[in-house]
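A look at the structure
Below, each chain spelled out in residue letters.
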Amino acid sequence: MPLRSCSLSVLCLSNRFFKLLTKSLFHHQRTNSIPNSPKNASPSSLHTNGILILPSQTLIFNFEGWLLKSSSAFPYFMVVAFEACSLFRSLLLLFLYPLVCCMKNEAGLKMMVLVCFFGVKKENLRVARVALFKFFMEHIGEEEIKVLRSGRRRMGVSNMPKVMVESFLKDYMETEVVIGRELKEFCGFYTGFMDWKREEMIMVINGEDALRFGSSFEDIHHKEVHRISEAEKSRLPPLPQEKYPKSLIFHDGRIAFLPTPSATLAMFLWLPFGVILSIIRHIIGMFCPYSISIPIGALTGMVNRHNKNAAAELQPQQKIGLQTDTNCSKSTRGRLFICNHRTLLDPVYISVSLKKQVTAVVYSLSPISEILSPIKTVRLTRNKEEDRKKMEKLLSHGDLVVCPEGTTCREPYLLRFSPLFAELADQITPVALNVQVSMFYGTTACGFKWLDSFYFLMNPRPMYVVQFLDEISVVSAGKTRYSPCEVANRAQEEIGRCLGFECTMLTRKDKYQILAGNDGVMQKKQSI
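Residues numbered from 1 in each chain as written. Predicted model: local features only at pLDDT ≥ 70, side-chain atom pairs only at ≥ 80, totals over all residues. Heavy atoms only, no water.

Right, let's talk about the packing of aromatic side chains for a bit. Counting across every chain of the model gives 15 aromatic pairs. With a centroid separation of 6.4 Å and an interplanar angle of 80 degrees, the aromatic rings of Trp450 and Phe454 are classed as edge-to-face. Overall, the relative accessible area of 31% leaves Trp450 in the partly exposed class. Within the aromatic cluster, the residues linked to one another by ring pairs are Phe63, Tyr76, Phe133, Phe136, Phe168 and Tyr172. The positively charged end of Lys134 is found above the aromatic ring belonging to Phe135, 4.6 Å away from the centroid. The cationic tip of Arg410 hangs over the ring face of Tyr441; the distance from NZ or CZ to the ring centre is 4.0 Å. (Phe/Tyr/Trp six-rings, centres within 6.5 Å; stacked < 30°, edge-to-face > 60°. Buried < 20%, exposed > 50% of the residue type's maximum accessible area, 1.4 Å probe, protein only. Lys NZ or Arg CZ within 6 Å of the ring centre and 35° of its normal.)

Right, here's the structure in full:
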């Protein structure tokens, strides 16, 4: 018995000594600047934001309590309600928000989950989940990313449903383990009730030397905890886009702002006026000439900026029938404009900047959008030979606008340009386009595409920037034609350099595989 009590005493003293040693190593005051590494620190250690983090440790962080600059989960549930459910569901969530504030944190969270997920199909959550990535990435601090990258293992803990945060933490934050609440399902539908598996957390961190960050970690044993206040998080600088751990190129959803309670209330108050304003803008664009529609559109808040000098330098081509040499037939046809693809209204704004009618070719266009278009639009079939003949015929009758990206991209990236346009003319005019919206995006991958232009024109001040660049010659000085791929890459580089966008080799198929889980081609109905 004396021997046993002596061994227990030694064990207690050793444990107490280990705790004191750990405190002396990791007890540093948190500051906004990153101190220099001490001389006696090993090369494998890293000082970040006043905290010494050893690579041998496991970082366990609270997602909304530490990684996000705001710990309020309401905006992210509003994204799910608006994008995955309906306008009515998001309005109901807004009405219940005062009640959520009066309830305890756990009860309020359960109510928001029930409102957002009750009766929602699992596949409908795909759009909202990808839309959440954008808002998550924009509200992460730069210092948090530095700390996150310093640990060998990363474990994220979240009070939100696991389906909302798991893909983001694993794909973008390189988190090995994500602990969250599982949503109960029934026949492929969410019931709106959560299941919190505490055993999973105990099993994962048992026996690990863990360093934890966050504002609250209930029921979890730990070695060292660093708590961060809301005031400290608000002072930390946001993460610049060029420092994202992984490029965020594709995301879907209509909301272009973080839907906080006040911002969501402003959106619903604006919505009736926005619908009426969008219809009025459509009518003006369809039936009024440019000399009338441009100033009236400006009075309604539309902003259209274009490079006037470059546009004025565009000289009209020789008219058809004046050529004497058959080899020069391509230089006597209409002018070929190629542009990056931001929204469905790209060719319309090019036509407005030129103040003359042009023809636009598109790959997918709904019948309603075709009827409402103020310019002539022609659908392509994705058959190379058939599309080339169709575009050559259109180019022989007037100016033609082609979007070689094949699909829209919201972020400052350019997708790979299709080289088919380089076979149509000897001179090509690149046009750099950019848009700015404050409330709604005018593009979608999974929703109703005929609503794209309506959503864009529902913004209080939608802005389009049109810049005409120098012509690109397809024929060299030795009268030999450059390869179509070479011309397409050069056009992409010129537009990217003008806009400050990054050129990629991603295609339309890559976008739709990420956002919609398909190749973006509508299947034709079989005839009976």
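Structure's up, so let's keep going.
Okay, the environment of Leu248 next. Topologically, Leu248 is positioned in the loop between helix 10 (230-235) and helix 11 (261-287). Along the backbone, Leu248 and Glu411 are 163 residues apart, and their C-alpha atoms lie at a distance of 7.7 Å. The residues contacting Leu248, other than those within four sequence positions of it, are Phe133, Lys134, Met137, Tyr172, Glu411 and Tyr413. (Helix = DSSP H or I, 4+ residues; strand = E, 2+ residues; numbered from the N terminus. Contact = heavy atoms within 4.5 Å.)

With that settled, consider the state of the cysteines. Inspection of every chain in the model, using the stated rule, returns zero disulfides. Cys85 takes part in no disulfide bond, and the closest cysteine sulfur to it belongs to Cys116, at a distance of 6.4 Å. (Disulfide = S-S within 2.5 Å.)

Ranked by size, the top nonpolar core spans 58 residues in total, and within it Phe77, Phe117, Phe168 and Met173 carry the most contacts. Of the residues forming this core, the biggest block, nine residues, is contributed by helix 3 (residues 74-85). If near-sequence neighbours (up to four positions away) are discounted, Met173 is found in contact with Leu67, Met137, Ile140, Ile145, Leu148, Arg154, Phe168 and Pro245. Among the nonpolar cores identified, the runner-up in size contains 28 residues, and Leu394, Phe421, Leu469 and Leu499 belong to it. (Core = buried A, V, L, I, M, F, W, Y, C linked by side-chain atoms within 4.5 Å.)

Glancing now at the pattern of salt bridges. The full count for this structure, using the stated rule, is 18 salt bridges. Between Glu138 and Lys134 there is a salt bridge, and its shortest N-O distance comes to 3.1 Å. One end of the pair, Glu138, and the other, Lys134, are both in helix 6 (residues 125-138), four residues apart, so they sit about a helical turn from each other. A relative accessible area of 34% places Glu138 in the partly exposed class. Given the relative accessible area of 5%, Lys134 is considered buried. Two residues, Arg335 and Glu471, come together in a salt bridge whose shortest N-O distance is 2.1 Å. Here Glu471 lies in the loop between strand 16 (463-468) and strand 17 (472-473) and Arg335 lies in the loop between helix 13 (308-312) and strand 10 (336-339), a separation of 136 residues in the sequence. (Salt bridge = Lys/Arg side-chain N within 4 Å of Asp/Glu carboxyl O.)

With that settled, consider a nonpolar patch on the surface. A surface patch of nonpolar side chains, amounting to about 380 Å² of accessible area, comprises Val275, Ile279, Ile283 and Phe287. Considering the arrangement of structural elements, one finds Ile279 in helix 11. On the basis of relative accessible area, Ile279 is assigned to the partly exposed category, the value being 40%. (Patch = residues over 30% accessible without salt bridge, like charges linked within 9 Å, V, L, I, M, F, W, Y side chains within 5 Å. Areas by Shrake-Rupley, 256 points an atom, 1.4 Å probe, with all protein chains shown as cover.)

Along the chain, Thr443 turns up in the loop between strand 15 (427-436) and helix 17 (452-457). Residue class for Thr443 comes out buried when judged on its relative accessible area of 5%. In this view, Thr443 contacts Asp252, Gly253, Arg254, Arg342, Thr343, Thr408, Arg410 and Asp452; residues no more than four positions away in its chain are not counted.

Helix length check: helix 11 (27 residues) gives 39 Å between terminal C-alpha atoms against 39 Å at 1.5 Å per residue, within 8%. Its axis deflected by about 45 degrees at Leu271, helix 11 carries its strongest bend there, up to four residues before the proline Pro272. Turning to helix 11, its buried residues are Thr264, Met267, Phe268, Leu271, Gly274, Leu277, Ser278, Arg281, His282 and Ile284. Its buried side turned inward, helix 11 meets helix 3, helix 4 (87-102), helix 12 (290-299) and helix 17. (Expected span 1.5 Å × (residues − 1). Bend = angle between axes of the 7 residues up to and from the residue.)

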